[in-house]
Amino acid sequence: MKDLTKGNELKTIIYFSLPILIGNLFQQIYNISDTIIVGNFLGKESLAAVGSSYQINVLIIAVSIGISLGTSILISQYFGAKDMDNLKITANTGFIFSIILSLIVTTLGFLLSNNILILINVPQKLLLEANIYLKIIFIGVVPTFGYNSLTNTLKGVGDSKTPTYILITAVILNIILDIFFVAVLNSGVAGAAIATVISQFISFFLCLFYIKFKYPNLIFQKHYFNLNFNILKEILIIGMPAMLQQVLISLGFIVIQILVNGFGTDCIAAFISASRIDSFAELPSINLGQALMTFTAQNYGAKKMDRIIKGGKDSLILGITFSIIISIIIFIFPAFFISIFNRNPEVIFIGNQYLRIISAFYVIFCTMQILNGLLLGYGKSLVPLIASITSFCMFQVPLAILLSKTSLGYNGIWIAAPIGWTGGLLIRVWYFIKISKKI
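Residues numbered from 1 in each chain as written. Predicted model: local features only at pLDDT ≥ 70, side-chain atom pairs only at ≥ 80, totals over all residues. Heavy atoms only, no water.

Where an unreviewed UniProt entry is consulted, the protein appears under the name Multidrug-efflux transporter, with the organism given as Leptotrichia rugosa. Its UniProt record, at the heading Subcellular location (unreviewed entry), says of the protein: "Cell membrane". (UniProt positions renumbered as here; feature names shortened; annotations may be inferred.)

Caption draft 1: Examining helix H2 (residues 44-52) more closely. Of all nine residues in H2, seven are buried, a share of seventy percent or more. Within H2, burial applies to Ser46, Leu47, Ala48, Ala49, Val50, Gly51 and Ser52. (Buried < 20%, exposed > 50% of the residue type's maximum accessible area, 1.4 Å probe, protein only. Helix = DSSP H or I, 4+ residues; strand = E, 2+ residues; numbered from the N terminus.)

Caption draft 2: Structural context of the environment of Ile166. Residue placement: Ile166 occurs in helix H7 (residues 161-184). Ile166 sits 100 residues away from Asp266 along the chain, and the two C-alpha atoms are 36 Å apart. Here Ile166 is in contact with Tyr147, Ser203, Leu206 and Cys207, once residues within four sequence places are set aside. (Contact = heavy atoms within 4.5 Å.)

Caption draft 3: The packing of helix H6 (residues 141-156) against H7, seen in detail. Two numbers describe how H6 lies on H7: the axes approach to 8 Å, and their chain directions differ by 145 degrees. The segment H6 lies against H7, with Tyr147, Thr151, Leu154 and Lys155 engaging Thr162, Pro163, Ile166 and Leu167. The residue inventory of the contact of H6 with H7, partitioned by class, reads five nonpolar, two polar and one charged. (Axes fitted to C-alpha atoms, helices over the stretch in contact; angles between N-to-C directions. Nonpolar A, V, L, I, M, F, W, Y, C, P; charged D, E, K, R; others polar.)

Caption draft 4: Broad picture of the pattern of salt bridges. Inspection of the entire model under this criterion finds one salt bridge. Close ionic contact of Lys310 with Asp314 constitutes a salt bridge, the shortest N to O distance being 2.7 Å. Here Lys310 pairs with Asp314, and both are found in helix H12 (residues 305-332), just four residues apart, close to one helical turn. With a relative accessible area of 16%, Asp314 lands in the buried category. (Salt bridge = Lys/Arg side-chain N within 4 Å of Asp/Glu carboxyl O.)

Caption draft 5: Here's a closer look at the packing of H2 against helix H10 (residues 265-281). Put simply, H2 and H10 touch, their axes get as near as 8 Å, and they point 65 degrees apart. In this structure, H2 crosses over H10, and the sense of that crossing is left-handed. Note on element contacts: H10 touches H2 through Thr265, Asp266, Ile268, Ala269, Ile272 and Ser273, opposite Lys44, Glu45, Leu47, Ala48, Gly51 and Ser52. Here the residues of the contact of H2 with H10 are counted per class, giving five nonpolar, four polar and three charged. (Left-handed = near helix turned anticlockwise from the far one by under 90°.)

So this is what it looks like as structure tokens:
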């Protein structure tokens, strides 16, 4: 367990965030290994089939992270306040609820996968492969929810290293299994999905066993292992807005995916390739926001407001510096990054345009993530939710629909994203200034 209420603010945040950054980096590797191997061994059609259903998988993860985020924030606050009884009740309640919810999602998803793909406008020639891939992915929902619940519990008490080690193990296993199933056994997109699900189960069980033996009093104790509805209510008060925020973002991207699907196989393959690079580029900002959330929650529980403000300012400066460097690298070398996934000239051409438009605005994205971390740490999860609704429903999605119908074509979809970021950022800035005056 790591106490984040002592020591130099920036050093504390960096020390805590490094394992999270490494973990998030490997999470992205985990996410893209299917894409790279499928794109290189099976071709752009299979790559597009996997990519066309990608946002559904993101939506599933968003629900899981949103709920477990509420648990993590509450645990951090109880940890900062040294209230171990409520901390244990929260950890157990959060885990049980996550498993129940995952079983519901698995059942519905497996039964409705083909209808979902038709709904999001997946081209007919990609539908069979996409449906096979998605059905198998839904089998991995239970271990995904369980893993996210347990790792967020560990992060809530300051242990950010162990989830990283477990994730690295799962990523290496996933890559080996991907190559084995796809390149050796020639089992197509189904093999890529099976490799992912096996890795998800392994990471879940490793995390489960680690907590059981390292922190035997934290979770699974008979006295605390039940669904406490009062605690669940508190988790949902914090977690539901966070979950809805994640879901709205995912739904926004599903609409984007529908628009992209309408431009055909090359555009789908380019979008899935470029968006994977985009996900890597956004990691430092997301990582700082996550670390700052736990830092803020613990210090808020300990009533150390000065540390929160100082930590937030230092994190913002660091994040902006990283964002500028990353923007320059991606803007100069987009073709190199796209070619990692697929070397088709049209795919590279479309992907180049995506990356050059999006990469110019990473500073805005970074600032938004830092403010998110502060607000969520305070327990003010409703504000990021409102900002997300505004940025997607009022800016990005309508503009993407509108601009994609003009001569800009698919470039209009990419242009809409930074406009949405800007709208969401302005709301967060306004509210953060407002609450800062009261502290």
